[in-house]
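Observations on chain architecture
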Amino acid sequence: MKKLFKGFIALAASAMMFCSCSGGDEKTDVSAQKLLSAALESGAKFEEMESVEGEYIKFNYDIEESWYEEFAAQAAGNPAFADEVIVVKAADSDSLKNIQNALNGRIEERKKVLQSYAPVEYDKLSESKVKTEGDYVYLVVGSDTKKAEKALEKLF
């Protein structure tokens, strides 16, 4: 009986070591552009999307270049639509918080603009949330935000 018990303990310890070494918590290093593409190709509908690059990153999102390692975004070309997908890989933990604050500010700013004349677009913004996964901060605003977020989140 003692041998059986010791064998069981040894087997359990081996299994625990195997599980802890399997890298289960290790995150896949995926690019911001690939995450953006996953959201856009999810089947969720987005209105008139255009790439956001260069000086428009600071202008549209108030995100400093020094805060991120990678940035990928598309937004509705027509400002009457709220649709946008932003994925940012933060440079460090302080920058991560700054990016979260900037994107939350973006939601509030857009809500103020769209509230009085585009209630459907206002609702899209109200249902959207800034999310964080590891070093990445992202925001999805669209008709089917959950569908796009699920496609993006599968890559983490």
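Residues numbered from 1 in each chain as written. Predicted model: local features only at pLDDT ≥ 70, side-chain atom pairs only at ≥ 80, totals over all residues. Heavy atoms only, no water.

**With respect to the sheet that holds strand β3 (residues 84-90)**
What counts, and what does not: What makes two strands pair is DSSP finding at least two bridges between them. Working definition: helices are DSSP H or I runs of at least four residues, strands are E runs of at least two. Numbering for both runs from the N terminus. Only the contacting stretch of a helix is used when fitting its axis, a line to C-alpha atoms as for every element, and angles between N-to-C directions run 0 to 180 degrees.
Read from one edge of the open sheet, five strands run β1-β2-β3-β5-β4, paired in antiparallel fashion. Both edges of this open sheet fall to β1 (49-51) and β4 (131-133), since each of them pairs with a single strand only. If you compare each strand with its neighbour and ignore which way they point, the axes differ by 20 degrees on average. Where β3 meets strand β5 (residues 136-141), six bridges bridge the pair, whose relative direction is antiparallel.

**Quick look at the nonpolar core**
This is how it is decided: Throughout, nonpolar core names a set of buried Ala, Val, Leu, Ile, Met, Phe, Trp, Tyr and Cys residues whose side chains join them through atoms within 4.5 Å. We call a residue buried when its accessible area falls under 20% of the maximum for its residue type, exposed when it is over 50%, and partly exposed in between, using a 1.4 Å probe and counting protein chains only. Working rule for contacts: check all heavy atoms of both residues, and any pair within 4.5 Å makes them a contact.
Among the nonpolar cores identified, the biggest contains 25 residues, and Tyr61, Ile63, Phe71, Ile86, Ile99 and Leu103 are the most heavily contacted of them. Top contributing element to this core by residue count: helix α4 (residues 93-114), with six residues. Once residues lying within four places of it in the same chain are set aside, the contact partners of Ile86 are Tyr61, Phe71, Ala72, Ala73, Leu103, Val137, Tyr138 and Leu139. Counting residues in each nonpolar core, the second largest holds 16 residues, with Leu36, Ala39, Ala44 and Tyr136 among its members.

**Overview of the layout of surface pockets**
Stated formally: Any residue with an atom within 4 Å of a point lines the site, the site being either a cavity, points on a 1 Å grid over the protein atoms alone where a 1.4 Å probe fits but cannot get out, or a pocket, an open set with protein on both sides within 12 Å along at least 5 of 7 lines. Grid points are joined across faces, edges and corners, and a volume is the space filled by probe spheres set on the points. In the scheme used here, Gly and all other residues not listed as nonpolar or charged are polar, with Ala, Val, Leu, Ile, Met, Phe, Trp, Tyr, Cys and Pro taken as nonpolar and Asp, Glu, Lys and Arg as charged.
Looking at the largest pocket, its volume works out to about 270 Å³. In terms of lining, the largest pocket is formed by 18 residues, of which the most central are Asn60, Ala75, Ala76, Pro79 and Arg106. Listed by contribution, the elements that provide at least two residues to the lining of the largest pocket are β1, α3 (55-61), β2 (68-76) and α4. If you tally residues by element for the lining of the largest pocket, the top one is α4, at four residues. Its residues placed into classes, the lining of the largest pocket shows eight nonpolar, four polar and six charged.

**Considering the confidence of the model for the protein**
Stated precisely, the cut-off is as follows: Scored from 0 to 100, pLDDT records how confident the predictor is in each individual residue.
Summing up the model confidence of the protein, the mean pLDDT is 86 and the portion of residues at 70 or higher is 82%. With pLDDT under 50 throughout, residues 3-26 is counted as low confidence; its partners more than four residues away or in other chains account for zero contacts.

**Notes on the packing of α4 against helix α5 (residues 119-127)**
This is how the line gets drawn: Just so you know how the angles are binned, under 35 degrees is roughly parallel, over 145 roughly antiparallel, 65 to 115 roughly perpendicular, and the rest oblique. Put simply, a crossing is left-handed when the front helix is turned counterclockwise from the back one by less than a right angle, and right-handed when it is turned clockwise.
For the pair α4 and α5, the least separation of the axes is 9 Å and the interaxial angle reads 160 degrees. By the angle class used here, α4 and α5 are roughly antiparallel. For the pair α4 and α5, the sense of crossing is left-handed. Of the residues in α5, those in contact with Ile107, Arg110, Lys111 and Leu114 of α4 are Pro119, Glu121, Tyr122, Leu125 and Ser126. Residues of the contact of α4 with α5, tallied by class, amount to five nonpolar, one polar and three charged.

**Topic: the pairing of β2**
Pairing between β1 and β2: three bridges, direction antiparallel. Counterpart to Glu50 in the pairing with β2 is Ala75. By the bridge criterion, seven bridges tie β2 to β3 in an arrangement that is antiparallel. In the sheet register, Glu70 faces β3, and the bridge partner there is Lys89.

**As for the pattern of salt bridges**
To keep it simple, the criterion reads: For this document, the term salt bridge refers to a Lys or Arg side-chain nitrogen within 4 Å of an Asp or Glu carboxyl oxygen.
Taken as a whole, this structure holds 10 salt bridges when the rule is applied. We note a salt bridge from Glu69 to Lys89, for which the minimum N-O separation is 3.7 Å. Residue Glu69 is found in strand β2, and its partner Lys89 is found in strand β3; the two are separated by 20 residues along the sequence. Judged by its relative accessible area of 11%, Lys89 is buried.

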